[in-house]
Amino acid sequence: MKRILALFFVVGLLFTCLLSGCAKEEELTHVTVSEVTHSVFYAPQYAAIKLGYFEEEGLEVELINGQGADKVMTAVISGQVDIGLAGPEASIYVYNEGKEDYAQIFAQVTKRDGSFIMAREPDENFSYEKLAGKHILAGRKGGVPCMTLEYVLNQNGLSTSDLEFDTSVEFGLMAGAFAGGTGDYTTMFEPTATMMEQEGSAYIVASVGQDSGEIPYTAYFSLKSYIDENEETVQKFTNAISKAQKWLAEAEPREIAETIAEFFPDTEIDVLEQVAARYQEIDAWMTEPFMTEDSFNRLQDVMENAGELSNRAPYDKLVNNSFAEEAAK
């Protein structure tokens, strides 16, 4: 009789554990994130997923490729997604439109441009002066990649009128357009840049981010109403990103490549390692998700330089560092 009772006890305990496990899984809060593009540039995000940092915080993250900052912001404003990952310029544009429920930035991911200038032939002695009179695919007008490139050109004594500064090709179509024969130069993110170089269809000649200096290039943002109503979720999300940023700061390129490999199934592990090393070399990733007022103002300098900003947006309205500060504890 005792054995039977003991057996029932063990079975009951196992059943309870199974139920509690299911309950724990059901307790994960589902969060949708629209990323501006799918790139190794956003390795902190993929590492946070793979290493279980989001799950540790009780979150289940669903990624959606927005294919452009304007489309990401549209998805955020319409409520199709909870969080956007794109250039902070999108939040500035929305605020300046006078929207009461504007998008507020709560965590910075990258601190410089992640794109590279690609030429049709290798050029170890590239200089920006060589772009004069040439046709370059520059990205979407008003987007940070396009504006940062213009800023770098100006810093090197060129204006967009000195060359064919082409903003007619959508960001997601630039690689195909260039491979198809459009343009003398283009800008490209990783891992596409390295893959094109290996194919022999384009060659990296310069890093826009290295030449532009630090700019708050990519950040997470949500509608202010969402943040106000979901402070705990936003805090947990920021905690996970902060953990991933710290991990990336110490990880070797090969380790980074192996960790994020499943997010890039069509890219060889050696390519991912090379890309991770390149982004570490140019110091692309934040080590903490804070956005400083100086860097926010520098972004607005770049926007003004491109003629895309008529009124400056207030840092204290658009940037909410409270979650980053809590994560740092």
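Residues numbered from 1 in each chain as written. Predicted model: local features only at pLDDT ≥ 70, side-chain atom pairs only at ≥ 80, totals over all residues. Heavy atoms only, no water.

J.: Talk me through the pairing of strand β9 (residues 203-207); I want residue IDs and the actual numbers.
T.: Burial within β9 is extensive, with four of its five residues counted as buried. Strand direction decides the pairing type here: strand β5 (residues 116-119) and β9, joined by four bridges, are antiparallel. Across the sheet, Ala-119 pairs through a bridge with Tyr-203, a residue of β9. (Buried < 20%, exposed > 50% of the residue type's maximum accessible area, 1.4 Å probe, protein only. Helix = DSSP H or I, 4+ residues; strand = E, 2+ residues; numbered from the N terminus. Pairing = 2+ DSSP bridges.)

J.: Lay out the layout of surface pockets in plain terms, naming residues and giving numbers.
T.: Looking at the largest pocket, its volume works out to about 340 Å³. Counting only elements with at least two residues in the lining of the largest pocket, the list comes to α7 (174-179) and α8 (192-199). Residue classes in the lining of the largest pocket are distributed as 11 nonpolar, seven polar and two charged. By volume, the second largest pocket is sized at about 290 Å³. In terms of lining residues, the second largest pocket is bounded by 24 residues, among which Val-36, Gly-68, Ala-69, Arg-140 and Phe-171 are the most central. Listing elements by their share of the lining of the second largest pocket, those giving two or more residues are α4 (69-77) and α6 (144-155). (1 Å grid on protein atoms, 1.4 Å probe; cavity = no way out; pocket = protein on both sides within 12 Å on 5 of 7 lines; lining within 4 Å. Points joined across faces, edges and corners; volume = space filled by probe spheres on them. Nonpolar A, V, L, I, M, F, W, Y, C, P; charged D, E, K, R; others polar.)

J.: Before we move on, could you go through the sheet that holds strand β10 (residues 218-223) and cite the residues and values that matter?
T.: The five strands lie next to each other as β2-β1-β3-β10-β4, forming an open sheet whose pairing is mixed. The open sheet terminates on both sides in strands that have one partner only, identified here as β2 (59-65) and β4 (103-110). For this sheet the average axis-to-axis angle between neighbouring strands, irrespective of direction, equals 25°. Relative to strand β3 (residues 83-86), strand β1 (residues 29-35) runs parallel, the two sharing three bridges. By the bridge assignment for β3, Val-33 is matched with Ile-83. Against the sheet, helix α2 (residues 43-50) contacts β1, β2, β3, β4 and β10, and its axis sits at roughly 140° relative to β2. (Axes fitted to C-alpha atoms, helices over the stretch in contact; angles between N-to-C directions. Contact = heavy atoms within 4.5 Å.)

J.: Which residues make up the pairing of β4, and what values do they have?
T.: Most of β4 sits out of view: eight of its eight residues are buried. Relative to β10, β4 runs antiparallel, the two sharing six bridges. Residue pairing across strands places Ile-105 opposite Phe-221, the latter belonging to β10.

J.: I'd like a rundown of the pattern of salt bridges, residues and numbers included.
T.: This structure, assessed with the given rule, holds 18 salt bridges. We note a salt bridge from Arg-254 to Glu-273, for which the minimum N-O separation is 2.9 Å. Separated by 19 residues along the polypeptide, Arg-254 in helix α12 (residues 253-260) and Glu-273 in helix α13 (residues 269-281) bring together distant segments of the chain. (Salt bridge = Lys/Arg side-chain N within 4 Å of Asp/Glu carboxyl O.)

J.: Which residues make up the environment of Gln-67, and what values do they have?
T.: With respect to the secondary-structure elements, Gln-67 resides in the loop between β2 and α4. Residues Gln-67 and Thr-233, spaced 166 residues apart in sequence, show a C-alpha to C-alpha distance of 25 Å. Contacts of Gln-67, omitting those with residues within four sequence positions, involve Glu-35, Val-36 and Gly-172.

J.: Break down the nonpolar core for me, with residues and values.
T.: Counting 89 residues, the largest nonpolar core has Phe-106, Tyr-220, Phe-237, Tyr-279 and Phe-296 as the members making the most contacts within it. Broken down by element, the residue count for this core peaks at seven residues, all from helix α11 (residues 231-250). Among the nonpolar cores identified, the runner-up in size contains 18 residues, and Ala-119, Phe-126, Leu-158 and Tyr-185 belong to it. (Core = buried A, V, L, I, M, F, W, Y, C linked by side-chain atoms within 4.5 Å.)

J.: Give a detailed account of the side chain of Glu-190, specifying residues and quantitative values.
T.: Relative to the assigned elements, Glu-190 resides in the loop between β8 (185-188) and α8. Not counting the four nearest positions on each side in its chain, Glu-190 is found in contact with Ser-39, Val-40, Phe-116, Ile-204, Val-275, Arg-278 and Tyr-279.

J.: Explain the side chain of Glu-35 to me, and be specific about the residues and the numbers.
T.: Tracing the backbone through its elements, the reader meets Glu-35 in strand β1. As a buried residue without a salt bridge, Glu-35 has its nearest oppositely charged side chain in Lys-71, at a separation of 15 Å. Once residues within four sequence positions are removed from consideration, Glu-35 is found in contact with Tyr-42, Gln-45, Tyr-46, Leu-63, Ile-64, Asn-65, Gly-66, Gln-67, Val-72 and Leu-85. (Lys, Arg positive; Asp, Glu negative; His and termini not counted.)

Keep in mind that these numbers describe shape and distance, not what the molecule does.
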